[in-house]
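The chain contents come next:
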Amino acid sequence: MKDLPQRLPQPVFSRSFGTGSREMLAVHCSLAHSGTWRGLAEAMDGQVAITAFDMLSHGRSPDWDRNGDYQDRNVDAGLSLLSDAPVDLIGHSFGATVALRMALARPQNVRSLILVEPVLFRVAVEDAPEVARRTQEDSKPFVEAFEAGDEALAARLFNRSWSSGAPRWPDLPEATRAAMTRAIHIVPACDAAVYQDRSGVLHPGILQGLDLPVLLVRGGETQPIISVVNEGLARRLTNARSEVIEGAGHMVSITHPTETAAVIRDFWAAL
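The rules behind these values
- Residues numbered from 1 in each chain as written.
- Predicted model: local features only at pLDDT ≥ 70, side-chain atom pairs only at ≥ 80, totals over all residues.
- Heavy atoms only, no water.
- Helix = DSSP H or I, 4+ residues; strand = E, 2+ residues; numbered from the N terminus.
- Rg over C-alpha atoms; globule rule 2.2 N^0.38 Å.
- Areas by Shrake-Rupley, 256 points an atom, 1.4 Å probe, with all protein chains shown as cover.
- Lys, Arg positive; Asp, Glu negative; His and termini not counted.
- Charge placed at Lys NZ, Arg CZ, Asp CG, Glu CD.
- Buried < 20%, exposed > 50% of the residue type's maximum accessible area, 1.4 Å probe, protein only.
- Pairing = 2+ DSSP bridges.
- Axes fitted to C-alpha atoms, helices over the stretch in contact; angles between N-to-C directions.
- Contact = heavy atoms within 4.5 Å.
- Disulfide = S-S within 2.5 Å.
- Parallel < 35°, antiparallel > 145°, perpendicular 65-115°, else oblique.
- Left-handed = near helix turned anticlockwise from the far one by under 90°.
- Nonpolar A, V, L, I, M, F, W, Y, C, P; charged D, E, K, R; others polar.

(A) Seen up close, the overall build of the protein chain. Scanning the protein chain from terminus to terminus reveals 13 helices and 7 strands. The C-alpha radius of gyration computed for the protein chain amounts to 17 Å, which stays within 12% of the reference 18 Å derived for 271 residues, consistent with globular compactness. Here the C-alpha coordinates of the protein chain stretch approximately 45 × 40 × 35 Å along the principal axes. Carbon and sulfur atoms make up 48% of the accessible area of the protein chain, which totals about 11500 Å². Counting 26 positive and 33 negative side-chain charges, the protein chain places the averaged centre of each group 2 Å from the other.

In structure tokens, the structure reads:
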């Protein structure tokens, strides 16, 4: 991996975990930070060295300056970390949508792609519109709180919807709640990417042309829309494998790192 160059409009923070010979690049989920990959690195038992960066408005990276498209800016940050040697690329939730676009942009630098609970909801809009509508209906309290300017309440509602298996909001440290509130503005800013597919990932031939081994992972107790997304992506990709980790929710790679590591090792062994 190479250090992030200063040519980025806003340089972001990155860190590494593990000393294994297999290099991975990891993109975290919304309202989290790069440190959430530590558990997976430890569960890989010395097999990997994970480099992870904080997306804008997360962790130690600066707040997004609201210029350009939020997903584009983080895709560029991730691409800046890639070197000529192929790596295994992994992303969780919104980070998985960033990782997918990175793989599409630089497939020659990606050895394998692992998408954990990707939130490319446009798949459901196209394949199962009733599921997409239900998800949007369920998110109305969050939208109303955000539009009313109550970002703390919006963060709490968002956390309630997507953090199954993780600590409840009152049980989180104050610093963690503050970090989530700090980042909550990026969630509605991502609608164009996740619901509308602004970048055209789902345009005919795009995913079908991605000739990479792809692993799709979801928790068995996750939101119904994620099942639709994973199944839809598996149909569109030419070399995809799907795995379900029973008993896990949306935060599967954080709450179940050992099980996540096991399906990754099996995926790599089958290549």
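The rest of the description comes next.
(B) View of the pairing of strand S4 (residues 87–92). Where burial is concerned, most of S4 is hidden: 6 out of the 6 residues are buried. Residues Val87, Leu89 and Gly91 line one face of S4 and the alternating positions Asp88, Ile90 and His92 line the opposite face, and both faces are buried. Relative to S4, strand S2 (residues 22–27) runs parallel, the two being bridged by 4 bridges. From the neighbouring strand, Val27 faces S4, where its bridge partner is Gly91. As judged from the 6 bridges shared by S4 and strand S5 (residues 110–116), these two strands associate in the parallel manner. Bridging from a neighbouring strand, Leu89 pairs with Leu113 of S5.

(C) Representation of the sheet that holds S4. Strand order across the open sheet formed by 7 strands is S1-S3-S2-S4-S5-S6-S7, with mixed pairing between neighbours. For this open sheet the edge positions go to strand S1 (14–17) and strand S7 (240–245), each flanked by a neighbour on one side alone. Between one strand and the next, the sheet's axes are offset by a mean angle of 20 degrees, whatever the strand orientation. Lying on the sheet, helix H2 (residues 70–81) is in contact with S1, S2 and strand S3 (48–53); it crosses S3 at an angle near 145 degrees. Along the sheet, helix H3 (residues 94–105) makes contact with S2, S4 and S5, crossing S4 at roughly 145 degrees.

(D) Focus on the state of the cysteines. For the structure shown, the criterion picks out 0 disulfides. Cys29 takes part in no disulfide bond, and the closest cysteine sulfur, belonging to Cys190, lies 12 Å away. For Cys29, a relative accessible area of 3% translates into the label buried. Cys190 gets classed as buried once you look at its relative accessible area, which sits at 5%.

(E) Molecular detail of the packing of helix H6 (residues 140–147) against helix H7 (residues 151–162). In contact at an axis separation of 7 Å, H6 and H7 are set at 165 degrees when each is read in the N-to-C sense. Taken together, the axes of H6 and H7 are roughly antiparallel relative to one another. As for the relative orientation of H6 and H7, their crossing is left-handed in sense. Where H6 approaches H7, its residues Pro141, Phe142, Ala145 and Phe146 are matched on the opposing element by Glu151, Leu153, Ala154, Leu157 and Phe158. Of the residues that constitute the contact of H6 with H7, the class distribution is 8 nonpolar, no polar and 1 charged.

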